[in-house]
Each structure stands twice: as C-alpha cells, then as structure tokens.
Amino acid sequence: MTSIIKFTPLLGSLDNSTAISYLLKVDQYTLLLDCGLDVGKLSEYTARIMPHINHINAVLVTYPDIDHMGGLPYLYGKLGLDCPIYGTVPLYNMGQMFLYDYYQSKNSSEDFNIFTLDDVDNVFDHFQQMKYSQTISICPGISITPYGAGHMIGGTLWKILKDDEEDIVYAVDFNHKKERHLNGAVFSNITRPSLLITDAYNATFEYKKRRKRDQELISTILETVRCDGNVILVVDTAGRVLELMQLLEQLWRNADSGLSAYSLALLNHVGYNVVDFAKNMLEWMSDTVTKQFEEQRSYPFHFKHLNLCHSLQELENIPSPYVLLTSIADLSCGFARNLLAVSAETPENCFIITQRTKPETLASKLLGNVNNNTIDITIGKRVPLEGRELEEYLAKSAKIKQVILKYLNNP
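The structure presented is a predicted model; accordingly, all values stated were derived computationally and were not measured.

Visitor: Quick question: what am I supposed to make of the packing of aromatic side chains here?
Guide: Two descriptors summarise a pair of aromatic rings, namely the distance from one centre to the other and the angle between the planes of the rings. Within the structure shown, the criterion is met by 13 aromatic pairs. Residues Phe 124 and Phe 127 carry aromatic rings whose centres are separated by 5.7 Å and whose planes lie at 20 degrees to one another, so their mutual orientation is stacked. A residue is classified by how much of its surface remains accessible, and Phe 124, at 5% relative accessible area, is buried. Ring geometry for Phe 301 and Phe 303: centres 5.9 Å apart, planes at 90 degrees, overall edge-to-face. Using a relative accessible area of 1% as the deciding quantity, one classes Phe 301 as buried. Phe 303 gets classed as buried once you look at its relative accessible area, which sits at 15%. A network of ring pairs unites the aromatic residues Tyr 102, Tyr 103, Phe 112 and Phe 115 as a single cluster.

Right under this line is the structure:
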C-alpha cells in the first residue's frame, strides 16, 4: 500500500540559518524532525509551526546542539507541544548540557525569556532514550531505527519504516569519515530507501586533512604561548569540543610537544558534567577509543592537565599564558564573547573560532572580516538595582501584588 508523504521545511532550508527543523507527515501521522533555535527567526518559525503543533505525534532529534535541539524548550514550554521525543542516550545527556549552558549564558547577559530551565527539564521528561540499531514502534504502522551519523557523539541517521514496506531515511549533517573519537556515519543498513531526506550544507566546503589541520593548530598555539599570549578556542558546549579536549590533552602529556609548561583549561557552565558524561559513554565512541580502553585501561576523557572552570573568577586562578576552550561557539553570548572584548586589547593573544556559525553572528562577522575593519561589540551583564531604579521596581512590584490580592479576594 502506497503512503501519502508530505515534507514541510520549517527552518534551515528556507533561509541561510544553520538551525534546522522539518515536518514529515506520513499518512495521518506527523513527525517533527529536529527543532533548532535561531533567535532572529523565532517569530517566523512560530508562525510556520503553530498550525501543526497539536498534530505532531513524535519528535526525532539527530544531534544535541542548539541547531538541532535548541527550540524544544520553547515548543514544550511556550507553545504547548506534548509528545514523545526520540534520541540516543548521548543526545539525552549532552542535549541537557547544551541547553543549560546556553540558558545560563543568555540569562547572565540579557532578559532571556524564550524558555526557562524548567522548560528544559520538561523537554527531557518527554525524552525516550534509544541505542543504535534499536527499532521501536512510535505510531500504528510506523517504526524508527537510529544509526550512527558521526559528527557529534550520539549523532543519528534515522530510518523510518512504514508498514514494513516503505522506508524513509533522514540523514543531515553527518560525517562519513572516522574521527579521533568517533566512527563515521553508518550506511551499511541503508540501501535504496523510498525517500532520502538529506542536506548539502558541506557539499562545497573543502576540508583540510586532519593531520595538516592539527599541525597548523599546534603551531599557532606554540607561537602564541611562547610570546606570552593566551590562546582562546571558541567551541561548542558538549559536541565537537570533545575531540579538541582529547587532542590537547594528548599534546600536553607528550613531553616533546613543549606545551606541558603552559596551562590548559575548559570554561563553561557545565564543564564538569560534560567531562563526566564523556567518561561514561565509551561505547558510543570510535573503535580506536574502545580498543585503547580495553588494552590499556586508559580512559580517554580522564584528564590530567585540563583544568575545569565554571566562572571568570575561577579562570583568574589559572596561570598565564594558557590555552582555553570556551563557549558559546557563535559568540552571541557566554564567556567567549566576554573574553573576546578583554583579550582583543592584548595583541599577543590569539582567538580561534573552530566552526562555522549562523550569518550575522559575531563569530561569522569576524570570520568574514578580511579587511580588518573595526567591529563594535556590546557586552551585557546583570547588575543589582540601586537607588531610584530599585525604588521604582519595588513600587511596581507592590502594586502588582495589590492587584493580584484584590482579584483573589473579589474574583
């Protein structure tokens, strides 16, 4: 029996945003494929998804970052979405880390009201954790199976099967190459699907070979720290940063690298938890990492040199010069943005942006600033109210309480 399939792009393919979200309707059932967050396009996204919000039967997520899961707290907390979310175990763990870090970074610099931490917790109350190659039924006649996609730990290619006949494959942002800590995407169980949903985001991007890329990074780090400059690598919270942490730790352990005399640190709001989760997810990592553990009993994420910091005050205790990994990757907020404004005053310092980001973000502007034009940076922070501002706030709060009490006493 032939199914009626309708695919509706909500975010990503309609514009140049790196955040993505799609609707897939198979007969009478509707699946939401990923739910990224792009603050600048939130009103447009809301208008597109609201007509469907009460008809979504399940959500499938592919990666734990903001571009793929960042919009879920908004949908569940503000728009009333209420259905199961399916993803792998690492997506459950690292997805929380991404969202907690993003919220804390935003809320410390502005009045962020898109979602709250309670909304984040609500999302993961709806989360159904799965393992690779595990098949479960999510709707009558519809089953799903996740396969490894590389790119980030727990990254997923979804195989959606209808009535054991028609298979739909959802494969975006995958990496078919084996990496330092992850295996490549798994296509061996996917052959000639009825429908393939994929992207071409990296089709025209030329990647350097890993060895050459690593050598350039090491050379830049050595040149900077030997001139008493700090190296700040702008990274994500709990995805691609794992590979960089592993690489740098190996370099620091190598006495011949010349780096052990300098400091190495990770700065974000959830650094301790990220490392702890990574230690306990070896089964989701590459064959090389697993073999290393089995033969040498060596934990790849048991760090001897990497210092974990959760605030700028803790970073002040790290001796300079240092090499620092910090978020948020697009410099829209967070420690990285704050440090950029300070570090730019010292010409010996080096700022390295490790991934492509949304257009119009600060990171994108810096990468595109080939003419070395001046770029203005606004840094926001929360400060206690004082004087007249405090008096006006207290008076307004008291007035609101009076109105509420009056309503409760005389409904």
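This is not the end of the story, as more comes after the structure.
Visitor: What is the right way to look at helix α6 (residues 210–225) in this model?
Guide: Residues three or four positions apart in an α-helix share a direction because the helix packs 3.6 residues into each turn. A rise of 1.5 Å per residue sets the reference length of α6, with its 16 residues, at 22 Å; its end C-alpha atoms lie 23 Å apart and thus fit the reference within 8%. All buried positions along α6 are accounted for by Asp 214, Leu 217, Ile 221, Leu 222, Thr 224 and Val 225. Down the axis of α6, the buried set is contained in an arc of 165 degrees. They therefore lie on one face. Exposed side of α6, more than 90 degrees from the buried face: Arg 211 and Glu 223 are the residues found there. Packing partners of the buried residues in α6 comprise β12 (231–234), α7 (241–253), β15 (322–326) and β16 (350–353).

Visitor: Teacher, can you tell me more about the nonpolar core here?
Guide: Within soluble globular proteins, side chains that are nonpolar tend to cluster in buried spots. Counting residues in hydrophobic clusters, the biggest one holds 76 residues, and the most contacted among them are Leu 32, Leu 75 and Met 245. Looking at this core element by element, the count peaks at eight residues for α7. If we ignore the near neighbours within four places in the chain, the residues touching Met 245 are Leu 266, Val 274, Val 275, Phe 303, Leu 306 and Leu 325. Core analysis: the second largest hydrophobic core is formed by 21 residues, Tyr 29, Ala 58, Ile 138 and Ile 142 among them.

Visitor: Looking at this model, I keep getting lost on unusual backbone geometry. Mind explaining?
Guide: Trans peptide bonds make up most of the peptide bonds, and negative phi angles are found at most residues other than glycine. Following Ser 320, the chain continues into Pro 321 via a peptide bond in cis, with omega recorded as 0 degrees. Its location among the elements puts Pro 321 in the loop between α10 (312–315) and β15. One non-glycine residue, Arg 192, adopts positive backbone phi at about 45 degrees. Here Arg 192 shows up in the loop between β10 (166–171) and β11 (195–198). Judged by its relative accessible area of 81%, Arg 192 falls in the exposed class. With a phi close to 65 degrees, Leu 331 is a non-glycine residue in the positive phi region. By the secondary structure assignment, Leu 331 is in the loop between β15 and α11 (334–343).

The rules behind these values
- Going along each chain's sequence as written, the residues are numbered from 1 onward.
- The predicted nature of this model means local features are confined to residues of pLDDT at least 70 and side-chain atom pairs, given and counted, to a pLDDT of 80 or more, with totals for whole chains, interfaces and linings taken over all residues.
- No hydrogens and no water enter the side-chain calculation; it runs on all heavy atoms of the structure.
- Put simply, two rings from Phe, Tyr or Trp (the six-membered ring, in Trp's case) pair if the centres are within 6.5 Å, and we call them stacked under 30 degrees between planes, edge-to-face over 60, tilted for the rest.
- Partly exposed residues are those whose accessible area sits between 20% and 50% of the maximum for their type, while under 20% is buried and over 50% is exposed, using a 1.4 Å probe and protein chains only.
- Helix and strand definitions here come from DSSP, where helices need a minimum of 4 consecutive H or I residues and strands a minimum of 2 consecutive E residues; each element is numbered from the N-terminal end.
- Helix span, as expected, comes to 1.5 Å for every residue beyond the first.
- Within this analysis, the arc is defined by the directions that extend from the helix axis to the C-beta atoms.
- The contact criterion used is simple: two residues touch if any of their non-hydrogen atoms lie within 4.5 Å.
- The term nonpolar core refers to a set of buried residues drawn from Ala, Val, Leu, Ile, Met, Phe, Trp, Tyr and Cys, joined through side-chain atoms within 4.5 Å.

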